[in-house]
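Listed here are the chains, written in short residue letters.
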There are 2 protein chains.
Amino acid sequence: MSMPVGYEKYLAFFTDALDKMCKEMRFSPDILTESMRYSLQSGGKRLRPVLFAAMLDACGCDYEREAAFAVALECVHAYSLVHDDLPAMDNDDFRRGKPSCHKRFGEAHAILAGDALLSYAFDLLLREAVRGEQYLRAAKILSEAAGAEGMISGQSYDISFTGKSLGKEELITVYKRKTGALIAAGLKMACAIAQKNEQIAAEYGENLGILFQLTDDFIDEYGESDEAGKTLGKDKRADKLTCIKVFGLERAEALADEYADKCRVALRGFDGDACFFDRLIDCVRDRTK
Amino acid sequence: MSMPVGYEKYLAFFTDALDKMCKEMRFSPDILTESMRYSLQSGGKRLRPVLFAAMLDACGCDYEREAAFAVALECVHAYSLVHDDLPAMDNDDFRRGKPSCHKRFGEAHAILAGDALLSYAFDLLLREAVRGEQYLRAAKILSEAAGAEGMISGQSYDISFTGKSLGKEELITVYKRKTGALIAAGLKMACAIAQKNEQIAAEYGENLGILFQLTDDFIDEYGESDEAGKTLGKDKRADKLTCIKVFGLERAEALADEYADKCRVALRGFDGDACFFDRLIDCVRDRTK
């Protein structure tokens, strides 16, 4: 997946911030800190904090001052992956080519690592909330997106729908909540901090999240290409809900195009430099090509 | 366990508040809301929110205005029980005589119900934090007590120590963090809201939490007596860490006496009517008698 100009800069900011935060973590016993760090420092595209930083940048704010929010956002994402990978959930033994948290630290500590990452995220949010009303608003955005109205609802639908025949609406509901909510949250948080209208960011983010999840399904089918176009390994889960299983390949591709368009439409009203966000749509759409 | 005068009043306040909050929960799919409500409305002594209300009362504050904090506190407790009961943790099929959350809703939904309860607690805290500095402080107290510095650390130690031979210090570390942190948090939150010194409440709460956990171990051994002195059923877990296994019965009883004394000593400096809190020490100490 080749990324738009600027991505590297935001990613470097985030990686630094995360490394600092991970070094400061000194929870006991050691296994608790280790399992949290392991789950946070497993690489990945860091799409959510990058989008958060990019939106702050586009709004003329200094994103380097908002490292705590960026880390909190990634903590929520990391916890959701740790719990998602558990045997009772998706039962994934690997995550980005490394043993998943429960394979490395045992199931009990994977449950606790997830719990601790979620708690740590809120700890960061509450520390930031003292800075003013817009920061409290940003904290609330993340809280709502992470909880039973957002991401957890999507995971619950995902489980409830397993093995059932789904329509388009149901699949989109899962993807919007499971992935769209947290991607939109990063963008909305940036707007809240910048005290700008959140609506366009919310719409773009939600649709980008759905697009991301749809193309994630293509990766399950084809594998992902790296920047040189080389096909990388793919994760496999036999009974995983994917858009290709639901619609067949052709309609799934059309659906991805539809959501790429929705992202573009949302961006039209954006008051600022939308170049990064526009280019990102193509990157996400074409990441298997 | 016969409770001090006043307990019923605080319990009634809390039960009402919880029922209202549970009715307002309308997360989808339905199983998500149901599993959250099931875990919250499973009865129990509600020690944490009762202590919170009692401390507000003792500080001259209207506890009925702080229902959201009381519910948030119980949500954190409920989530910890749901995750604790999971097969990978304590593997308890029953909780207070009813099937535990994962036996009723399946493991995947028990993981999600726990996650959702924790998120919901923080949602409530962030909503309250807007009311002023003392409320933000109360929110932070709960966040710290729930996370990797508090309760989760205790659970992690508990797992790490399983099957090892422990000394007194190690056992007390587990109990202080696993149980003491959240019981102390309720009392500290009340002091923060009342803008009173938190130190005495913290010390009393932590020691009461340890005492509670020690006498919990006696219940595992003997069963619990109800108000009429009748012995109730006991939960059994074969490899559960208990103070009786570590020290033998006599030293365990002496340890409970020691911590009851520590509670009494902490209360000496309390500026207000300490009657409820003083009486509660005996109730917790003697709940198997």
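Residues numbered from 1 in each chain as written. Chains lettered and ligands numbered in written order. Predicted model: local features only at pLDDT ≥ 70, side-chain atom pairs only at ≥ 80, totals over all residues. Heavy atoms only, no water.

## Brief notes about the nonpolar core
Right, on to step 1. Ranked by size, the top nonpolar core spans 228 residues in total, and within it Tyr204 and Leu280 of chain A together with Tyr204 and Leu280 of chain B carry the most contacts.
Right, on to step 2. Not counting chain neighbours up to four residues away, the residues in contact with tyrosine 204 of chain B comprise Leu51, Leu187, Cys263, Ala266, Leu267, Phe277, Leu280 and Ile281 of chain B. (Core = buried A, V, L, I, M, F, W, Y, C linked by side-chain atoms within 4.5 Å. Buried < 20%, exposed > 50% of the residue type's maximum accessible area, 1.4 Å probe, protein only. Contact = heavy atoms within 4.5 Å.)

## Remarks on the packing of helix α10 (residues 199–222) of chain A against helix α13 (residues 275–285) of chain A
All names here are of chain A.
Right, on to step 1. For the pair α10 and α13, interaxial distance at closest approach is 9 Å and the crossing angle is 20°. It follows that α10 is roughly parallel to α13 by the angle criterion. Both α10 and α13 take part in a crossing whose hand is left-handed. Here Tyr204, Leu208, Leu211, Phe212, Thr215 and Phe218 of α10 come into contact with α13, specifically with Phe277, Leu280, Ile281, Val284 and Arg285.
Right, on to step 2. Here the contact of α10 with α13 is built from residues that sort into 9 nonpolar, 1 polar and 1 charged. (Axes fitted to C-alpha atoms, helices over the stretch in contact; angles between N-to-C directions. Helix = DSSP H or I, 4+ residues; strand = E, 2+ residues; numbered from the N terminus. Parallel < 35°, antiparallel > 145°, perpendicular 65-115°, else oblique. Left-handed = near helix turned anticlockwise from the far one by under 90°. Nonpolar A, V, L, I, M, F, W, Y, C, P; charged D, E, K, R; others polar.)

## What to know about the relation of the copies chain A and chain B
Right, on to step 1. In the superposition of chain A on chain B (RMSD 0.0 Å, axial shift 0.0 Å), the rotation amounts to 180°. Such a combination of turn and shift is consistent with a two-fold rotation axis.
Right, on to step 2. Of all interface residues in chain A, 100% are interface residues in chain B too; the two copies therefore contact each other through one and the same surface. (Least-squares fit on C-alpha atoms with pLDDT ≥ 70 in both.)

## Thoughts on the interface of chain A and chain B
Right, on to step 1. Listed by partner, the interface residues are 43 residues for chain A and 43 residues for chain B.
Right, on to step 2. Buried area between chain A and chain B, summed over both chains or domains, comes out near 3600 Å², and the portion from carbon and sulfur atoms is 71%.
Right, on to step 3. When the buried area of chain A at its contact with chain B is split by residue, Leu112, Leu126 and Ala148 of chain A rank highest and sum to 16% of it.
Right, on to step 4. Our count for the contact surface shared by chain A and chain B stands at 12 residue pairs in polar contact (both at pLDDT 80 or more).
Right, on to step 5. Every element with two or more residues in the side of chain A that touches chain B is listed here: α2 (30–40), α4 (67–84), α6 (107–129), α7 (133–146) and α8 (151–161) of chain A.
Right, on to step 6. Sorting elements by how many residues they give to the side of chain A that touches chain B places α6 of chain A first, with 14 residues.
Right, on to step 7. In terms of residue class, the side of chain A that touches chain B is made up of 25 nonpolar, 10 polar and 8 charged. (Buried area = accessible area lost by both parts, 1.4 Å probe. Polar contact = N/O pair within 3.5 Å; in protein donor to acceptor, adjacent residues only side chain to side chain.)

## A closer look at the packing of helix α4 (residues 67–85) of chain B against helix α8 (residues 151–161) of chain B
Residues and elements named next belong to chain B.
Right, on to step 1. The interhelical angle for the contact between α4 and α8, taken along N-to-C directions, is 20°, at an axis separation of 12 Å. As far as their axial angle goes, α8 and α4 are roughly parallel. The way α4 lies across α8 gives a crossing that is right-handed. For the pair α4 and α8, contact is made by Val76, Tyr79, Ser80 and Asp84 and by Met151, Ile152 and Gln155, respectively.

## Observations concerning the environment of leucine 142 of chain A
Residues and elements named next belong to chain A.
Right, on to step 1. Residue placement: leucine 142 occurs in helix α7.
Right, on to step 2. A residue is classified by how much of its surface remains accessible, and leucine 142, at 0% relative accessible area, is buried.
Right, on to step 3. In this structure, the C-alpha to C-alpha distance between leucine 142 and proline 4, residues 138 residues apart in sequence, is 25 Å.
Right, on to step 4. Aside from chain neighbours lying at most four places away, what touches leucine 142 is Ala72, Leu73, Val76, Leu125, Leu182 and Met189.

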